[in-house]
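# Working through the structure, step by step
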Amino acid sequence: QVQLVESGGGLVQPGGSLRLSCAASGVIFSINAMGWYRQAPGKQRELVATIAPAGSTNYADSVKGRFIISRDNAKNTVYLQMNSLKPEDTAVFYCNAKARNFRGGPERDLWGQGTQVTVSS
């Protein structure tokens, strides 16, 4: 079993910053892409950013230039630095990882439990 545990959400004023962390634990052979998604009330879950094992990144247009995704492969951890936050960034943020438990095993799509980010004055 592999689990993703997120931390770092909270309440922040517009223009502020937050840093989310997500650590994978359990029996892990390898982790491929990791990423962050978010779901605002009444909306579908959407991609925020992804990062490949070698570090190439992909961002939603709405967060480009404000958010930075990074990862520490030795710690099986992915981070999301969020700057210049806006009220429209308010959502539950979910960590995602594509991982294998053993060599040759299936790649599983794993999700964290979600962490609330609220941007409000």
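In what follows, the structure referred to is the one given above.
None of the values given here were measured: they were computed from a predicted structure. (Residues numbered from 1 in each chain as written. Predicted model: local features only at pLDDT ≥ 70, side-chain atom pairs only at ≥ 80, totals over all residues. Heavy atoms only, no water.)

### Here's the deal with the pattern of salt bridges
Summed over all chains, the structure comprises 6 salt bridges. The salt bridge partner of Lys64 is Asp61, with a shortest N-O separation of 3.1 Å. Owing to a relative accessible area of 64%, Asp61 belongs among the exposed residues under this scheme. Asp109 is the salt-bridge partner of Lys98, the closest N and O atoms lying 2.8 Å from each other. Here Lys98 is found in strand β9 (residues 91-100), whereas its partner Asp109 is found in strand β10 (residues 108-111), with 11 residues between them in sequence. Its relative accessible area of 43% is what places Asp109 among the partly exposed residues. (Salt bridge = Lys/Arg side-chain N within 4 Å of Asp/Glu carboxyl O. Buried < 20%, exposed > 50% of the residue type's maximum accessible area, 1.4 Å probe, protein only. Helix = DSSP H or I, 4+ residues; strand = E, 2+ residues; numbered from the N terminus.)

### Overview of the side chain of Ser21
Here Ser21 lies in strand β3 (residues 18-26). The class for Ser21 is buried, based on a relative accessible area of 19%. Dropping the residues within four chain positions of it, Ser21 is found in contact with Val5, Glu6, Ser7, Trp36, Val78 and Tyr79. (Contact = heavy atoms within 4.5 Å.)

### A few points about the environment of Ala24
In this fold, Ala24 is placed in strand β3. The contact partners of Ala24, leaving out residues within four places of it in the chain, are Val2, Gln3, Leu4, Ile31 and Asn76.

### Overview of unusual backbone geometry
Phi at Asn76 is positive, roughly 50°, even though this residue is not glycine. Here Asn76 lies in the loop between β7 (67-72) and β8 (77-82). Positive phi, normally seen in glycine, also occurs at Ser84, with a value near 50°. Tracing the backbone through its elements, the reader meets Ser84 in the loop between β8 and β9.

### Remarks on the sheet that holds β8
The antiparallel open sheet is built from 4 strands, whose spatial order is β1-β3-β8-β7. In this open sheet, the two strands that pair with only one neighbour each are β1 (2-7) and β7. Pairwise comparison of adjacent strand axes, ignoring direction, gives a mean angle of 15° for this sheet. (Pairing = 2+ DSSP bridges. Axes fitted to C-alpha atoms, helices over the stretch in contact; angles between N-to-C directions.)

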